[in-house]
Each structure stands twice: as C-alpha cells, then as structure tokens.
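Residues per chain, in single letters:
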Amino acid sequence: MKISSSTSRFDFIIVGAGIVGLSTAYKLSLSFPDSRLLLLEKEEGVAAHQTGKNSGVIHSGIYYKPGSYKAKNCVEGRHQLVDFCREHKVEMEVCGKVIVATSEEEIPRLEAIYERGLENGIEGIELIGEDRLKELEPHVAGIQAIHVPCSGIVDYAGMCEKLKDLIIENGGEVRFGSAVTGITDDGHEVTVRSGKKEWKTGFLITCGGLHADRLAEMAGLKSPVQIVPFKGEYYELKPEAEYLVNDLIYPLPNPDFPFLGVHFTRMALGGIECGPNAVFAFKREGYEKLSFDLKDTIETFNFPGFWKLAFKHWKMGMDEYKRSLSKSAFVKGLQKLIPAVREEHLKVSPSGVRAMALKEDGEILDDFYFMTDSRQIHVLNAPSPAATACLAIADEIVTKVKDTQAVS
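Calculation rules
- Residues numbered from 1 in each chain as written.
- Predicted model: local features only at pLDDT ≥ 70, side-chain atom pairs only at ≥ 80, totals over all residues.
- Heavy atoms only, no water.
- Pairing = 2+ DSSP bridges.
- Helix = DSSP H or I, 4+ residues; strand = E, 2+ residues; numbered from the N terminus.
- Salt bridge = Lys/Arg side-chain N within 4 Å of Asp/Glu carboxyl O.
- Buried < 20%, exposed > 50% of the residue type's maximum accessible area, 1.4 Å probe, protein only.
- Contact = heavy atoms within 4.5 Å.
- Axes fitted to C-alpha atoms, helices over the stretch in contact; angles between N-to-C directions.
- Parallel < 35°, antiparallel > 145°, perpendicular 65-115°, else oblique.
- Left-handed = near helix turned anticlockwise from the far one by under 90°.
- Nonpolar A, V, L, I, M, F, W, Y, C, P; charged D, E, K, R; others polar.

Q: So, the sheet that holds strand β4 (residues 92–93): which residues are in play, and what are the values?
A: Taken in spatial order, the three strands make up an open sheet running β3-β8-β4, and their pairing is antiparallel. Both outer strands of the open sheet, β3 (57–58) and β4, are each paired with one neighbouring strand and no more. Pairing of β4 with strand β8 (residues 152–154) involves two bridges; the strand directions are antiparallel. Across the sheet, the residue bridging to M92 is V154, located in β8.

Set out below in structure tokens:
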C-alpha cells in the first residue's frame, strides 16, 4: 500500500534519488515487503546529478582489479541491469565496444587489460586485429583492439523513473525537494531533518554522491575521504557526422591517471557523445564553464589530499585544462581514434561532475566504499561503474542491513 504522507516514523530512510539510492530502496522494498520506507531527494526529480549526466554506458567490468567490489558488482550488476531494462521496457541495447591501441607501445597494456578481463569473467571478449576493427568501426585508426560484445548503452534516467514507480507501487514513499539538513542518532533510532520537517527511522542509508562525505559527517561519523568534484565536459557529433561512429569506441586508459580518456559513445536515446575530459570543478554541482561556489572551493583547497593529487598529476591535469579551454585541442584528442573528426563536426553537450573520493595522502579511493554503523549505512564512494552495478550494489547494502539486524 502507499504510505500516508503524515507518517513520521519509517523502518528505512534512504537519502538520494540517484540510481544507487533508488536501486537500494527498490531492493529493500522487495526484501522487506511489510516495511515502511521513505526516500528523500533534495532535487525535484530523480537522476539530477551524476546518474543523469553520465554517458549512459553499460560497462562490462573488464578494467577493474580482480576481487574488488567494482569487478564483482559490475559483472553481476550488468546482468541484472540488462534483465531489468528488458522486463520494464527501459531503452537499452547491448551493442558492444572496442578498446583501441593506436601504437605498438600500447599493445602490452592492451593485452594486460584483456587478461584482466578474462580473470574477471567478462564473456565474449576477444583480441582483434586491424581488419576486424575496421569491420566494426570503419573510421577508427587502430592497430589492435579488444572487442567487448557485452558492453552497451542505456537510458539511466529512464531506469530511475521506473525504479521510483516500482518503489511507490511496493508501498514506499518518495519525497522530492527534501534536502537533509540534520541527522541525529540517539542510540535507539535515527532522526532525519529537512528544514522544519523531521522523520524517524530504525535504519538510515545515504547515497549522497557529490555530498556523500557531508551526509556521513552530519550523522556524526568521521569520513576517511573527502569528495573532490571533477567536471567532465562533452561534445556531441552533429547529425551529418554521426556516420563516423557505430557503437562505443574507447582509447587505452592511462594507468597513471584515474580517468578513461576521451571516447565516443552512441547514446540510447540518440546521438553520439564525445568526451569527457576531466578538470577540477570549483563547485560540487558546477556544470557550467564558470560555475563557482566559495564554500566548496575553500573546502577543497584546505584539504591536503587535493594538493598531493594535483602535484602528482599536474602534467596530465594541464593537458585536461588545455582541452577544456581549446576546442581544437579537444578535437586533436578525438582524432587519435578517428582522424576524420573535425571541429565543425562538434557541438557542445551538457557537462557532468564526478565525485572523486580522496584520502588525506592524495590517494584516490578507487573502489565502492561503505561506512556502517548499528543503524546507518553511508555509501561514501560509488564511482563508475556504479550506475552499471547499481542493482548489485543494492544487494550488498541489503545484505549489510540484514547482517546488522541479525546482531542487534
């Protein structure tokens, strides 16, 4: 049944209507069908930030360290996501992708990624030569590649809308325009406040993305990481140039840099996206070129981990800023994969901001990470491929909830 909006006490409160928060609420509604569940979101709709502003790729799991949360949950989550989208008629296609080596120097790294993919159980992957690459992507300049047929594209925002509908159908309540302003745990239950409103719960789960660390600290926990925002800027191919790309085309990632590099993505709702670069954002939700927030910037600049990361990667960081400031430099990066791309083929596409979790020593927390307490779980880090892995991550959270309740 639908919960009355006047109900002030819930068995579960979930904060955040991105794809991880919605998946968690959905899986909780299935595992605890008689529970009272509330999902709070500060925006006026689902998928307002990272979920709705990424490139919509279904990742295979080929890149990730074997045995990591990322590797395990990406493969399991991908299968669940594909099944979910087929069942609920969310726009999705398993179209495959190629990871391309453009020089002989890159071949050993390409082969290492292929071996990692085999270790992670990625089905159907194969090393291919230039002739087969040309069959798949005629305009790509590569000498060898990995074909990953199980990768795909999906409408993540559409999936979020469906998850929201299912949560409500299962008896849960979703409240938009409800920014969390306070969290108190009195040892028996957790009180969550939004302005003058407050709700009590036996169990709180936060999936705050760009504000994950702030929510944990609001709840009285000491976060081991700080979220530092990095903006990804995109272009889109104009319709007359879309013939240059069939599906998904990725460069070989730089092992010393925490981003995959500019790539080409056919999108589930149409169009071809090119990018992103990766530049520091002066605002956690700063999507425009000149977006700035004094509090966010001071917070980052006062954090030692940011400067340690910046000094370590300053050369690559300068290259990213060059691509941000110069369309011709951005195009030059794209031409490494598709030489026929020209400046006039591109139009500006909306940017996204990624929440990078940094430790004080400047190390990037490069796996999914949860902070747990007796009545709380905080998803402190859910980087890519979290969208692909969302349903498997939700299963992990449900298991943690059950384990916590079993010992309480």
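Okay, back to it.
Q: Which residues make up the pattern of salt bridges, and what are the values?
A: If you walk through the whole model with that rule in mind, you get 24 salt bridges. E299 is paired through a salt bridge with R284; the nearest N and O atoms lie 2.7 Å apart. Linking E299 in helix α7 (residues 294–301) with R284 in the loop between β17 (279–280) and α7, this pair joins segments that are 15 residues apart in sequence. Judged by its relative accessible area of 25%, E299 falls in the partly exposed class. Across the salt bridge formed by E363 and K359, the nearest N and O atoms sit 3.8 Å from each other. In this structure E363 comes out as partly exposed when scored by relative accessible area, which is 41%. On the accessibility criterion, K359 (27% relative accessible area) is partly exposed. Among the charged side chains, a network of salt bridges with common partners joins D213, R214, R284, D296 and E299.

Q: Break down the pairing of strand β16 (residues 272–275) for me, citing the residues and quoting the values.
A: By the bridge criterion, two bridges tie strand β13 (residues 226–237) to β16 in an arrangement that is antiparallel. In the sheet register, E236 faces β16, and the bridge partner there is E273. Bridge count between strand β15 (residues 263–266) and β16: four bridges; the pairing is antiparallel. Note on β16: the bridge partner recorded for R266 is I272. A loop of five residues connects β15 with β16, the two strands running antiparallel in sequence, and G270 in this loop sits at a positive phi of about 105 degrees.

Q: Residue-level account of the environment of L391, with values.
A: Looking at where L391 falls in the secondary structure, it is placed in helix α11 (residues 390–407). On the basis of relative accessible area, L391 is assigned to the buried category, the value being 2%. Expressed as a C-alpha distance, the spacing of L391 and F176, which sit 215 residues apart in the sequence, is 22 Å. Apart from residues lying up to four places away in sequence, L391 is in contact with S23, Y26, K27, Q80, L81, F84 and M159.

Q: So what about the pairing of β15? Which residues, and what values?
A: Sheet analysis places strand β14 (residues 248–251) next to β15, joined by two bridges and oriented antiparallel. Across the sheet, residue L248 finds its bridge partner in β15, namely T265.

Q: Outline the packing of helix α1 (residues 19–31) against helix α5 (residues 156–169), listing residues and values.
A: Contact geometry of α1 with α5 gives a least axis separation of 9 Å together with a crossing angle of 30 degrees. Judged on the interaxial angle alone, α5 and α1 are roughly parallel. Between α1 and α5 lies a crossing of left-handed hand. Across the interface between the two elements, I19, L22, S23, A25 and Y26 from α1 touch Y156, M159, C160, L163, K164, L166 and I167 from α5. Per-class residue counts for the contact of α1 with α5 are 10 nonpolar, one polar and one charged.

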